Structure formats: C-alpha cells, structure tokens
Amino acid sequence: MGALTGKKIVLGVTGGIAAYKAVEIASRLRKAGAEVHVIMTREATEFVTELTFREITGQPVSVDMWAKVTNFNVEHIALATLADLVLIAPATANIIAKIAAGIADDMLTTTVLATKAPVMLAPAMNTNMYENPVTQGNMAELRRRGMQLIEPASGHLACGIEGKGRLPEPVQIVQEVMDFMTREQPLQGRRIIVTAGGTIEPLDPVRYLGNRSTGKMGYAIAAEAARQGAEVLLVSGPSNLPNPAGVRTVRIQTAREMQAAVEAEYGEADAVIMSAAVADYRPKNVAADKIKKSDDELVLHLERNPDILFGLGQQKQQQVLVGFAAETCNVEEYAKKKLTKKNLDFIVANDVSSKDAGFAVDNNRVQLYFRDGRAEKYPLMAKAELAKVILEKVAGILS
Ligand code: CTP
C-alpha cells in the first residue's frame, strides 16, 4: 500500500515551462497509490498534451469547461467535491493572481473556487515575477486562506537567469504532498473555543475603556488548533489581525458580548482557551451623547463585569479549561490562585512587565501551572511555538 492509497488528488497543471515535470508528479502520485485527476489550463496544453496525462493517470483529463463531458455531469463541481487535495504544479504567477482574486474563468480556477479540499500550490516562474510585490502579496493572501505553498527552488531558470522560481523536483513535491496528507492531527474532531484580544467598554458614543492586548497570542492558538484538525471558534475583541484560516471568527466588543458568544457554544466544547484580556469593570452609565468637558475633574463610576472564566469553571463538565494570567509581580502566587479559583486545568502565566515578551510582541515567556501542582517553565519563544505547547497539553488532557 502506498502512502496515498485511496486518496483522490486533483492535479492542476498551468502553462509554464515546468509543465513537463507535472507528468512525473502525476506518475509518482499514482505510484504512491493516489487516484489522479488532471486539469490543465489552455496554456498548459501548449507545453504538454492531454494524452500524456491521460495515459499516465488512467483518467480523463479536463481542460475546457464547455467540452462535452463523459464522466461527470457538472464537471468542475464533481472534481471539486471528490478531491481530497488539489495540487497545482507548476503554478504560474497568473494562476496565483487569479485564485487570490477569486476569478473562475476556466476549469481549474472554477474547481479551486468550488472545492473545500485543501489546496497546495508549487509556484514556478521567472525570479523577477516571483519577487514582484504583487505576486508576493497574492501568495501571502493564499497562505492566509490556509492554502499550502511549496517553496520554489533556486537555480538556473529556463529564461536564462539565476534565482528563485524553479519548480522543485517532482520527488520533493510528492514528498510534501505525502507529508501533508499523513500529517498528525491530534485535535481532529475536537471543538475548541479560543478568546483573544482585549474587550472594550463604551463610555459614550466616541470613547471607550480598553487595554493593550492585540490578540496575537489567541490568534496564534486558534490558527494552530485549526491546523491540528480542531473545529475552532475564535471570539475576538477588536484586533487588527485578519481572521485565521479555517477558523470561525466572531468579533465582539464588550466583556458581556464575549461571555454570550462563549457560553452559547460552551456545552458542546471540548476545551476553552481564554487568552483574552477581559475588562473587569465597565462604565456604570454609558452616556447617550458625547461627554463634554466641564469641570477640572471627571469621575467615572465603574461596575464589575462578569468573570467569564470563573463562570465556565462553575459549570465545567467535560471541558478542558485554560486560563492566562498576565501579571507584573508575584506571578506564581497570583497565577496559582486563579488556577484554583476558576477551576482550571492549567494556567499560562507571564510577567508582562518585561519588554521582550507579552503584549503586542511576537514572543512570550511563560510558566504553566497545572491543577495537580506541576509547574513548567519555558524560555522566551515565538507565540506560534507557544501555541503548539499549549495545544499539546490540551490534547494530552483530552486523550
Ligand atoms: N477573565 C475572564 N473574565 C474576566 C477577567 C478575566 O474570563 N472578567 C479570564 C482571562 O481571560 C484570563 C483569566 O481569567 O484567562 C485571568 O485573567 P486576569 O485578568 O489575569 O485575572 P482576573 O481574574 O481579572 O484577576 P485580576 O485582574 O485581579 O488580576
């Protein structure tokens, strides 16, 4: 049995000089056990013939959306639905731009737009086209949507220059496909709620009380949980970050809105990771009109917001509960108190008084305290890496 036995792969071939290498890719995918359906763009047929792919794959090859179809009724939808993976190799700058823009004007782009399967692209083009900010921006957009991009190789290109943009060897591309298709998904099927960012509490129609949280930690956790197969709900306070790929993102403003969004799905959740900086107080009266300056002093009356995590701890059943404690002193003592009081499985504590870690930066330095008394101390690390550590602990408790 090959590593890809039973997998249906739609191989998109676009019109670059490297299109000939797609023949070997198709052949290797098939040898690894996959059923391969090739879609060529018109331009690709200038480089390789449909017949070659038909012989190699043993399947009909699609090019023209309007050609008479034999096997499928509505072919683009049929291929989009049956695919376990759509691989585009080589992917020209043009196809990348079209997919980024959501254009569907041929069989391949239509299939990509209609599919829910993961999409992998192996860009191959002239170095200048590859480095052009437009192409780089388009590739970033595809990554943001959760598509996988295979890094092009460097070397001598067909156009005569040296640089990045070569299609990697077919054996490497097929290896990346196999790694991706057999990747571990320890959170497969788990429902995870992540909160992120800071809540804001209105004072009047133009002002609010807020905090310095940017959402980076929570967004990193949500994105990683989705990559590991979880069904993720991200409840986020205002943040400049884009919605993470594959994550259902709900944007809220106040603590009470966050509470309502989390509680609505808490019953079904396997885990809740509360990385949000929730405002503990809100203005008691929200002025209907903009507050005008008058006296030298303005006194604000605040009232307590609900402690969302405390409430979840009270109703806790199967859910794994993870809290955060951002402290400026006595980190261990305060974190452990919160762990117990909020009935958590573990708490991620950090000292936000240090400049290189915590709010608004890409790194964090934390200690984890578990309900059984264990403590684990971590060095300064990227939030994306820390997300993996936190989720590994969650997966361990869930299993
Ligand atoms: N939290 C919450 N609801 C609140 C306040 C905090 O759910 N109203 C959650 C946070 O998301 C975090 C944990 O509780 O996961 C600890 O938050 P933190 O602000 O450090 O603690 P507080 O309980 O607010 O305690 P204090 O502000 O007194 O340090």
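Conventions used here
- Residues numbered from 1 in each chain as written.
- Predicted model: local features only at pLDDT ≥ 70, side-chain atom pairs only at ≥ 80, totals over all residues.
- Heavy atoms only, no water.
- Helix = DSSP H or I, 4+ residues; strand = E, 2+ residues; numbered from the N terminus.
- Buried < 20%, exposed > 50% of the residue type's maximum accessible area, 1.4 Å probe, protein only.
- Areas by Shrake-Rupley, 256 points an atom, 1.4 Å probe, with all protein chains shown as cover.
- Lys, Arg positive; Asp, Glu negative; His and termini not counted.
- Charge placed at Lys NZ, Arg CZ, Asp CG, Glu CD.
- Pairing = 2+ DSSP bridges.
- Axes fitted to C-alpha atoms, helices over the stretch in contact; angles between N-to-C directions.
- UniProt positions renumbered as here; feature names shortened; annotations may be inferred.
- Near = heavy atom within 4 Å.
- Polar contact = N/O pair within 3.5 Å; in protein donor to acceptor, adjacent residues only side chain to side chain.
- Nonpolar A, V, L, I, M, F, W, Y, C, P; charged D, E, K, R; others polar.
- Contact = heavy atoms within 4.5 Å.
- Phe/Tyr/Trp six-rings, centres within 6.5 Å; stacked < 30°, edge-to-face > 60°.
- Lys NZ or Arg CZ within 6 Å of the ring centre and 35° of its normal.

If you look the protein up in an unreviewed UniProt entry, it shows as Coenzyme A biosynthesis bifunctional protein CoaBC from Selenomonas ruminantium.

> Can you lay out the overall build of the protein for me, pointing to particular residues and giving the numbers?
Scanning the protein from N- to C-terminus turns up 13 helices and 21 strands. A principal-axis box enclosing the C-alpha atoms of the protein has dimensions of 80 × 50 × 45 Å. Burial analysis of the protein (399 residues in total) assigns 49% to the buried set. For the protein, the exposed area adds up to about 19,800 Å²; of that, 49% sits on carbon and sulfur atoms. Taking the average place of the 46 positive charges on the side chains of the protein and the average place of its 46 negative ones, the gap between the two points comes to 2 Å.

> Report on the sheet that holds strand S19 (residues 366-370), specifying residues and quantitative values.
Strand order in this open sheet of 8 strands is S12-S11-S8-S13-S16-S17-S19-S20, and the pairing throughout is mixed. Each having just a single partner strand, strand S12 (248-251) and strand S20 (375-377) make up the two edges of the open sheet. Each strand axis lies, on average, 15° off the axis of its neighbour in the sheet, ignoring direction. In this structure, strand S16 (residues 320-327) lies alongside strand S17 (residues 346-351), joined through 6 bridges in parallel fashion.

> I'd like to hear about the UniProt feature "active site" (unreviewed entry) in the protein, residue by residue, with values.
With numbering aligned to this structure, UniProt lists the feature "active site" (unreviewed entry) at Cys-159. Locating Cys-159 in the fold gives a position in the loop between strand S6 (153-156) and strand S7 (162-166).

> Kindly report on the site of the ligand, identifying the contributing residues and their values.
Met-274, Ala-276, Leu-309, Lys-338 and Lys-342 are the nearest of the 14 residues found near the ligand. A distance of 2.9 Å separates an oxygen atom of the ligand from a polar atom in the backbone of Phe-324. Within the side chain of Lys-338, a nitrogen or oxygen atom sits 2.7 Å from an oxygen atom of the ligand. Protein coverage of the free-state accessible area of the ligand, which is 560 Å², stands at 77%. Elements that contribute at least two residues to the shell around the ligand include exactly helix H11 (308-315) and S16. A total of 4 residues in the shell around the ligand trace back to one element, the largest contributor, which is S16. Here the residues of the shell around the ligand sort into 9 nonpolar, 1 polar and 4 charged.

> I'd like a rundown of the environment of Met-258, residues and numbers included.
Inspection of the secondary structure puts Met-258 in helix H10 (residues 255-266). A relative accessible area of 0% places Met-258 in the buried class. Between the C-alpha atoms of Met-258 and Leu-233, which are 25 residues apart in sequence, the distance is 12 Å. Setting aside residues up to four positions removed in sequence, Met-258 forms contacts with Thr-195, Ala-196, Thr-199, Val-235, Gly-237, Ile-252, Ala-276, Val-278 and Ile-308.

> A description of the packing of aromatic side chains should follow, citing residues and the corresponding values.
One pass over the full model with this rule turns up 1 aromatic pair. Relative to Phe-370, the ring of Phe-346 has its centre 5.2 Å away and its plane inclined at 35°; by these criteria the two rings are tilted. Here Phe-346 is found in strand S17, whereas its partner Phe-370 is found in strand S19, with 24 residues between them in sequence. Comparing Phe-346 with Phe-370 shows no difference in burial state: the two are buried. Here the basic side chain of Lys-341 rests over the ring of Phe-310, its NZ or CZ set 5.8 Å away from the ring centre. Cation over ring: Arg-374 sits above Phe-370, and NZ or CZ is 4.1 Å from the ring centre.

> Report on the pairing of S7, specifying residues and quantitative values.
On a regular strand, one side chain projects to one face of the sheet and the next to the other, so that they alternate. Here S6 runs beside S7; their pairing, made up of 4 bridges, is antiparallel. Paired with Ala-153 across the two strands is Arg-166, which belongs to S7. Between S6 and S7, which pair antiparallel in sequence order, lie 5 residues; one of them, Gly-160, sits at a positive phi of approximately 100°.

> For the sheet that holds strand S4 (residues 119-123), give the residues involved together with the corresponding values.
Taken in spatial order, the 5 strands line up as S2-S1-S3-S4-S5 in an open sheet, and their pairing is parallel. Taken across any chain shown, the strands that pair with only one partner, and hence form the sheet edges, are strand S2 (35-40) and strand S5 (148-149). As defined by bridge partners, S4 adjoins S5 across 2 bridges and the pair is classed as parallel. Each residue of the ladder has a partner; that of Leu-121, found in S5, is Leu-149. Where helix H2 (residues 50-57) meets the sheet, it contacts strand S1 (8-13) and S2, and its direction lies at approximately 170° from that of S2.

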